[in-house]
Amino acid sequence: MFLSKRGRKSIRYITFGISIWICIQFFAGRTKKQDGKASWKLASLEVTDDVLVNGYATPKAKEAYVAGVKIFYGSQTGTAKGFAAVLAEAVIALTLPAEIINMREYDPDDCLAEETISKNVCVFLVATYTEGQPTENAAWFCKWLEEAANDFRFGKTYLKGMRYAVFGLGNSVYIDHYNTVGKNIDKWLWMLGANRVMTRAEGDCNVAKSKHGSIEADFAAWRARFLLRLQALCKGEKKSCSGNCKKGKCKSKVKQSKEGSDHEQRVSEQENTEVEELFETTSEEESGAEEDGDANSVIDVEDLGKLMGHMKKAKKEHELDERAGKMDRSLRTIGKKEESEQREMITPALRDALTKQGYRLIGSHSGVKLCRWTKSMLRGRGGCYKHTFYGIESHRCMEATPSLACANKCVFCWRHHTNPVGTEWRWKLDQPEMILQEAIENHQSLIKQFRGVPGVKADRFEEAMVAKHCALSLVGEPIMYPKINRFLKLLHGHHISSFLVTNAQFPEEIRNLEPVTQLYVSVDASTKDSLKKIDRPLFKDFWQRFLDSLKALAEKQQRTVYRLTLVKAWNVDELKAYAELVSLGKPDFIEVKGVTYCGESSASNLTMANVPWHEEVVRFVQELAELLPDYEIACEHEHSNCLLIAHQKFKIHGEWYTWIDYDRFQELVQNYDESGGSKTFTAADYMARTPCWAVFGSRERGFDPLDTRYQRKNKKDISGC
């Protein structure tokens, strides 16, 4: 084929133009490696970022590095479920989709492998239950995951590509099983090839050992770090290695920014294996050179400086993340000096929660609240069972506590476990003078709210402004307060009688306790297994502490009481065991009360089916009294579903003397204090005759005839004391 002169000239121009274009592209594609050596490539051949359409380069859509967040929760009391909701809101605020998943309703066999290609980040919020077991709703998931991790058919790459983070909820009191479930899930996912996006974190509901003062604060600190990590992932930073690596030098074609490429290396399989043997967890965030290849790979000397620089930078980022989110003041005290300082028991989040429930909080660890029986007696609608059994004036009773913390997490706790828990005092200590003064002022403020309320009796309103009794049973364990004896003396100095309730976990404190008007011990079960099931104590030696507390009670000279709470199908079939415990502590009185149902709660699985009928309580008490030769049924308070068994020494000439001469008690305790404890006194020195309407078998069944009984309609019984 022959071309004309004009055609050949055109071809030369075209050829020359193409040459120029190639040279421009050649120099434009020149790049520098980090070590200073030049490499060359043709930008026109890179079709990963641009696509040629009709001769024009069209940019591809920006790659989405994170598709969304799936939040799995395993919860017993609802804490993990609540955390999941909070985290979901925070994720959505980052314009990312979030899904909350109950682990009971998730089939890992069918669905989990899909997360290897979904580009989701999976978050596991899991609680550890008794003896290190998973919660009921997470049991199947954990069982499947454990079997898969140990089944060679799944292999170490089954979940390769899945990204996850774990936050465990536990109690450090059970040190042998602390956060076992979270550790196991983290380990099993790693064994199946999944990639951590950050180090596993732990929340401790034992506020004495919690890093940030409460499990809520622990979660808040972790959440702040996770959100920062999530934002980094969304930008494509520290993206997982493609797997095409050799000696730590990634050959992935994926482009990243210079800043992001500093963290491209990942921890080798050998390093991960060594770490897992120690049950520690590393992450992409904190790892220096992860590698999916040879486990025996080494680091070149020329790369050592680069690796050390990365480790320093990762450490700095970790410290900055700890301070992220501008959490409450407790989150800012992360240094050694701050950690050694005593925290306040009431965190800001806890203060908000308790205030909404009607508490008047005092200082950093105390509070008061108005009992519903106080309100009832102000209106002439009857008093509580202590009015029937012991003659207190319910409208003049102040319900308070100098310690909101408790060493148990009882299934029937009417406070739904909003209070902190702990086994020893490690918080800031408020002075008893301040606590009592503010308790009285807050109680009076609550009483004033009833001025002019229809039905409130004027004379009782005036009497209620001066507290005469103090029920130290509001919430928590008042005997934990280190200055409880000083607080009791101040109460008596104000001519306020004291009714102190303890959960029988502090025997030494019971022995050292100064005289109180009446000392209660909660005996919620009669065997070790049932006590563990019902009270859920924090102490590992809870049963021995329980028995020692009963023995310490037997040494007291003032009035002592066993308080039994009957939970149907839980502890109503242990009559002989209860009788043995009575012989151990020799109480003056035994209160037996049917459990109060406080409505549905994530903190307990009790239902109305667990509440015994009053006649069932009567039958239990009658059978128990037959096993106690020195005791008889003395009083009944039907509308509290409660009965009183009393020692026969309080029955004089056929009449019961279960009531208290409060003026006489004040005289006796004053003489005791002034004599330095030499002038002792006993329960028999301040007893008073029980009115006939309060005696068991009376027509009134414990309701004071001076008041008018009011039947509550469609409302729960939320009696507190």
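Cut-offs and rules
- Residues numbered from 1 in each chain as written.
- Predicted model: local features only at pLDDT ≥ 70, side-chain atom pairs only at ≥ 80, totals over all residues.
- Heavy atoms only, no water.
- UniProt positions renumbered as here; feature names shortened; annotations may be inferred.
- Phe/Tyr/Trp six-rings, centres within 6.5 Å; stacked < 30°, edge-to-face > 60°.
- Helix = DSSP H or I, 4+ residues; strand = E, 2+ residues; numbered from the N terminus.
- Buried < 20%, exposed > 50% of the residue type's maximum accessible area, 1.4 Å probe, protein only.
- Lys NZ or Arg CZ within 6 Å of the ring centre and 35° of its normal.
- Patch = residues over 30% accessible without salt bridge, like charges linked within 9 Å, V, L, I, M, F, W, Y side chains within 5 Å.
- Areas by Shrake-Rupley, 256 points an atom, 1.4 Å probe, with all protein chains shown as cover.
- Salt bridge = Lys/Arg side-chain N within 4 Å of Asp/Glu carboxyl O.
- Lys, Arg positive; Asp, Glu negative; His and termini not counted.
- Charge placed at Lys NZ, Arg CZ, Asp CG, Glu CD.
- Axes fitted to C-alpha atoms, helices over the stretch in contact; angles between N-to-C directions.
- Parallel < 35°, antiparallel > 145°, perpendicular 65-115°, else oblique.
- Contact = heavy atoms within 4.5 Å.
- Nonpolar A, V, L, I, M, F, W, Y, C, P; charged D, E, K, R; others polar.
- Expected span 1.5 Å × (residues − 1).
- Left-handed = near helix turned anticlockwise from the far one by under 90°.
- Polar contact = N/O pair within 3.5 Å; in protein donor to acceptor, adjacent residues only side chain to side chain.

Labelled according to an unreviewed UniProt entry, the protein chain appears under the name S-adenosyl-L-methionine-dependent tRNA 4-demethylwyosine synthase TYW1, originating from Alligator mississippiensis. Per UniProt, the comment on the protein chain under Pathway (unreviewed entry) is "tRNA modification; wybutosine-tRNA(Phe) biosynthesis." Its UniProt record, at the heading Catalytic activity (unreviewed entry), says of the protein chain: "N(1)-methylguanosine(37) in tRNA(Phe) + pyruvate + S-adenosyl-L-methionine = 4-demethylwyosine(37) in tRNA(Phe) + 5'-deoxyadenosine + L-methionine + CO2 + H2O".

Glancing now at the packing of aromatic side chains. Under the criterion given, the structure shown has 28 aromatic pairs. Arranged with centres 5.2 Å apart and planes meeting at 55 degrees, the rings of F665 and Y686 form a pair that is tilted. With F665 in helix α23 (residues 662–674) and Y686 in the loop between α23 and β28 (687–688), this residue pair connects regions lying 21 residues apart in the sequence. The pair formed by F665 and Y686 is uniform in burial state, with each residue classed as buried. In this structure an aromatic cluster arises from ring pairing among F83, F167, F219, W222 and F226. When the ring centre of Y359 is taken as reference, the NZ or CZ atom of K369 above it lies at 4.9 Å.

A contiguous patch of negative charge, built from D107, D109, D110 and E114, is present on the exposed surface. Mapped onto the elements of the fold, D110 is located in helix α3 (residues 108–111).

In contact at an axis separation of 10 Å, helix α19 (residues 528–535) and helix α20 (residues 542–554) are set at 100 degrees when each is read in the N-to-C sense. Considered as vectors, α19 and α20 are oriented roughly perpendicular to each other. Taking contact as the criterion, the partners of K528, L531 and K532 in α19 are, on α20, F542, W543 and F546. Each residue belonging to the contact of α19 with α20 can be placed in one class, and the counts come to four nonpolar, no polar and two charged.

What follows is about helix α15 (residues 432–448). Helix length check: α15 (17 residues) gives 24 Å between terminal C-alpha atoms against 24 Å at 1.5 Å per residue, within 8%. Among the structural elements, β15 (360–362), β16 (366–369), α13 (372–378), β17 (397–401), α16 (458–464) and α17 (484–493) are those in contact with the buried residues of α15.

For the rest of this paragraph, the subject is the packing of helix α2 (residues 79–92) against helix α6 (residues 215–234). One can describe the packing of α2 onto α6 by two numbers: an axis separation of 11 Å at closest approach and a directional angle of 30 degrees. With respect to their mutual orientation, α2 and α6 come out roughly parallel. Considering only the axes of α2 and α6, their crossing is right-handed. Facing F83, V86, L87, A90 and V91 of α2, the residues of α6 in contact are I215, E216, F219, W222, R223, F226, L227 and L230.

Time to look at the side chain of S75. Residue position: S75 is located in the loop between β5 (68–74) and α2. In this structure the side chain of S75 is engaged in a polar contact, spanning 2.8 Å, whose partner is the backbone nitrogen of G78. Filtering out sequence-adjacent residues up to four positions away, S75 remains in contact with A80, K81, T135 and N137.

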